[in-house]
Amino acid sequence: MLLRHTPKEIKERSALVVNPAKTCQPIGAMYAALGVHGCLPHSHGSQGCCAYHRSALTKHYKEPISAATSSFTEGASVFGGQANLLQAIENIFTVYEPEVIAVHTTCLSETIGDDIKQIRDKAEKSGLVPKGKHIIYCNTPSYIGSHVTGFSNMVKGMTEVAENTGKKNGKVNVIPGWVEPADMEELKRLAALMAVPITLFPDTSGVLNGPLSGEYHMFPEGGVTMKELKEAGDAVGTLALGEWCSADAARSLDTRCKVPCKVLDMPFGLKATDRFVDALRIIAGTSVPEEITRERGQLVDMISDSHQYYYQKKVALFGDPDQLIAMTEFLVSIDMWPTHMVTGTPGSKFEKRIKELTAHLPYEVNVKAGGDMFLLHQWIKNEPVDLLIGNTYGKYISRDEDLPFLRWGFPILDRVGHQYFPTVGYKGGLRLLEKILGLLLDRKDRDDSETQFELTL
Ligand code: SF4
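Residues numbered from 1 in each chain as written. Predicted model: local features only at pLDDT ≥ 70, side-chain atom pairs only at ≥ 80, totals over all residues.

## Description of the overall build of the protein chain
Put simply, the test is: Helix and strand definitions follow DSSP, with helices as H or I runs of at least four residues and strands as E runs of at least two, each counted in order from the N terminus. The globule rule is 2.2 Å times the number of residues to the power 0.38, and the radius of gyration it is compared with is taken over C-alpha atoms. The burial label depends on the number of other C-beta atoms within 10 Å of a residue's C-beta. Counts of 20 or more mean buried, 12 or fewer mean exposed, and intermediate counts mean partly exposed, with C-beta atoms placed from the backbone.
In terms of regular secondary structure, the protein chain is built from 17 helices and 13 strands. Against the 2.2 N^0.38 benchmark of 23 Å for 457 residues, the protein chain shows a C-alpha radius of gyration of 23 Å, consistent with a compact globule. Dimensions along the principal axes, computed over C-alpha positions, put the protein chain at roughly 80 × 55 × 45 Å. Looking at the 457 residues of the protein chain, the share that counts as buried comes to 50%.

## Some details on the pairing of strand 9 (residues 314-319)
Condition: Strands qualify as paired when DSSP identifies two bridges or more between them. Here, the term right-handed applies to a crossover whose path from the first strand over the helix to the second runs clockwise when the strands point away from the viewer.
Burial analysis of strand 9 places five of its six residues in the buried class, the great majority of the element. In this sheet, strand 10 (residues 337-343) lies alongside strand 9 in parallel orientation, the contact comprising six bridges. Along strand 10, the bridge assignment pairs F318 with V342. Handedness of the strand 9-helix 13 (residues 321-333)-strand 10 crossover: right-handed.

## Things to note about the packing of helix 1 (residues 25-33) against helix 7 (residues 147-159)
To be explicit about the condition: Fitted lines through C-alpha atoms serve as axes, helices being fitted only where they are in contact, and the angles separating the N-to-C directions of these axes extend from 0 to 180 degrees. Every angle not falling under 35 degrees, over 145, or within 65 to 115 is termed oblique; those three ranges are roughly parallel, roughly antiparallel and roughly perpendicular. By convention the crossing between two helices is left-handed if the near helix lies anticlockwise of the far one by an angle smaller than a right angle, and right-handed if it lies clockwise. Any pair of residues counts as being in contact when their C-beta atoms, constructed from backbone geometry, are within 7 Å of one another. Under the convention adopted here, Pro, Cys and the residues Ala, Val, Leu, Ile, Met, Phe, Trp and Tyr are nonpolar, Asp, Glu, Lys and Arg are charged, and Gly plus all remaining residues are polar.
For the pair helix 1 and helix 7, the least separation of the axes is 6 Å and the interaxial angle reads 40°. Classified by the interaxial angle, the pair formed by helix 1 and helix 7 is oblique. Both helix 1 and helix 7 take part in a crossing whose hand is right-handed. Taken together, the residues of helix 7 that come into contact with helix 1 (itself represented by Q25, P26, I27, G28, A29, Y31, A32 and A33) are H147, V148, T149, G150, F151, N153, M154 and V155. Looking at side-chain class alone, the contact of helix 1 with helix 7 contains 10 nonpolar, six polar and no charged residues.

## Describing the packing of helix 1 against helix 2 (residues 47-61)
Where helix 1 contacts helix 2, the axes come no closer than 9 Å and their chain directions differ by 60°. Here helix 1 lies oblique to helix 2, going by the angle between them. Where helix 1 crosses over helix 2, the handedness of that crossing is right-handed. On helix 2, the residues touching P26, I27, M30 and Y31 of helix 1 are C49, H53, A56 and L57.

## As for the domain arrangement of the protein chain
The condition is simple: For the domains described, the bounds stem from an automatic or database domain assignment.
Once the domains are mapped, the protein chain shows domain 1 (25-159), domain 2 (172-291) and domain 3 (305-447). Inter-centroid distance (C-alpha atoms) of domain 2 to domain 3 is 25 Å. Taken together, the contacts link 26 residues of domain 2 with 25 residues of domain 3. Those elements giving two or more residues to the side of domain 2 that touches domain 3 turn out to be helix 8 (181-193) and helix 11 (270-284). Ranked by the residues each element gives to the side of domain 2 that touches domain 3, the list is headed by helix 8, at seven residues. Per-class residue counts for the side of domain 2 that touches domain 3 are 14 nonpolar, five polar and seven charged.

## Some remarks on helix 17 (residues 425-447)
Spelled out, the test is: Expected span, for any helix, means 1.5 Å times one less than how many residues it has.
With 23 residues, helix 17 extends 33 Å between its outermost C-alpha atoms, agreeing within 8% with the 33 Å of an ideal straight helix rising 1.5 Å per residue. Looking only at helix 17, the buried set comprises G425, Y426, G428, G429, L432, L433 and I436. On its buried face, helix 17 is in contact with helix 8, helix 11, helix 12 (290-310), strand 12 (387-390) and strand 13 (405-407).

## Concerning the sheet that holds strand 10
In space, the five strands of this open sheet follow the order 11-10-9-12-13, with parallel pairing throughout. What marks the edges here is a single partner per strand, and that holds for strand 11 (366-369) and strand 13. Going across the sheet, the axis of each strand differs from the next one's by a mean of 20°, ignoring polarity. Note: strand 9 against strand 12, three bridges, orientation parallel. Counterpart to L317 in the pairing with strand 12 is I389. Of the strands in this sheet, strand 10 and strand 11 are in contact with helix 14 (residues 348-357), which crosses strand 11 at around 155°.

## Brief notes about the sheet that holds strand 7 (residues 237-241)
Strands pair in a sheet through their backbones, by hydrogen bonds, and they do so in one of two ways: parallel or antiparallel. Spatial strand order, 6-5-7-8: four strands in an open sheet with parallel pairing. Of all strands in the sheet, those with a lone pairing partner are strand 6 (198-200) and strand 8 (261-264), marking the two edges. Between one strand and the next, the sheet's axes are offset by a mean angle of 20°, whatever the strand orientation. In this structure, strand 5 (residues 172-175) lies alongside strand 6, joined through three bridges in parallel fashion. For N173, the partnering residue across the bridge sits in strand 6 and is T199. Across the sheet, helix 8 lies against strand 5 and strand 6, angled at about 175° from strand 6, the strand it touches most.

## Some details on helix 11
Because each turn of an α-helix spans 3.6 residues, side chains separated by three or four positions end up pointing in the same direction. What counts here: The arc refers to the directions leading from the helix axis to the C-beta atoms.
Between its first and last C-alpha, helix 11 extends 21 Å over 15 residues, near the 21 Å set by a 1.5 Å rise per residue. Of all the residues in helix 11, the buried ones are A272, T273, F276, V277, L280 and I283. Summarising the axial view, the buried residues of helix 11 lie within an arc of 135°, below the 170-degree limit, and thus occupy one face. Exposed side of helix 11, more than 90 degrees from the buried face: D278 and I282 are the residues found there. At the C-terminal side of helix 11, G285 shows a positive phi close to 60°.

## A look at the environment of W337
By the element assignment, W337 lies in strand 10. Linking W337 and Q312, residues 25 residues apart in sequence, is a C-alpha distance of 5.5 Å. Leaving out residues up to four positions away in the same chain, W337 has contacts with Q312, K313, K314, V315 and L361.

Structural data, given as structure tokens:
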């Protein structure tokens, strides 16, 4: 009983978060920056922040994450960090030779009020940025929002290099949101099957799920290039996957470069993948090939084969808004019953959307944006569920309440596979179902009486 002090009785809390269901903004900004080819993320703040962000990503992706820091000490904390950042830019381009530095702020540099755009411009004017190299940036004050906000801010920062030359290049921008490198690979595979030329950004495939080759490359082959980001301004359209992660960047591109955008849910599950494939088909004026239709059919087949095990099973979920919305739609489509849900990321739109998706259920779902895992645990104690879905931090609740637990989301610190096996698209849907079914049937096998114990599915 690791969470033995969590009481069943729920009391109103307004100024206290216990076991947050989120982490800090710069982690998202750092993850997004790693999806740019040849990019070294730079944390403008103290070394401690940078070390934390790097280690959080390293533990999830099982890859060493390189990032630089402005290394604030007392002086920078009082007088501002401009001198540190200018020095850092010079050192980084000289020593590590990245194509691009992606600067994000931290609580401290935000509180001081450092103006990153002004410092970036000064670095360029002073000749600290070699020809053909770039600095992109975003503000990530971690006392607002969450890691999702930071991710979104950095992706929006990427769109600022896009240029509209007035001549469309026939490509489609796809902003995937915070998904795994394997998911990004899967989105590219689907687009390739449909013969749609896309620019995916950010793109961490080939960066955080690369092979062990015996050689160290500080900047792996993957990632969207700065050239592609520049050309994103000439695309025929943008598909932004996820309102929280991707919409701001797509809208900014629309405003600045007149690239029309459509905001979709992340393509987890049958319906959301249908909408993604259809939007890609329409925007590129192409048709859906037989291979994708076949994959869809396999997912439908698996749903119908095992539907009886999902039917009316109650689920508690926690994680990030875009993922939870798509997962809720998927669960509901296979007749599972989402029952409790929290995201640490604030935004009442999330609660509204979840309530719409679950309006047909015979009870009202407990849902809270800006909530915490303490509350989720209390809800579970009051109304038990059959399955818990979320990141590794859910293992404490799972153990205490003896719940089957699907690890899905960020961070996953104690399992592998998420880097390599997608959960987006139809194939990803199969993987999600396989994992959910395995958990439910393992539990059934454990709990069934001897007379109910079945050999066959
Ligand atoms: S001080 Fe702010 S930016 Fe740094 S680790 Fe803490 S929450 Fe994140």
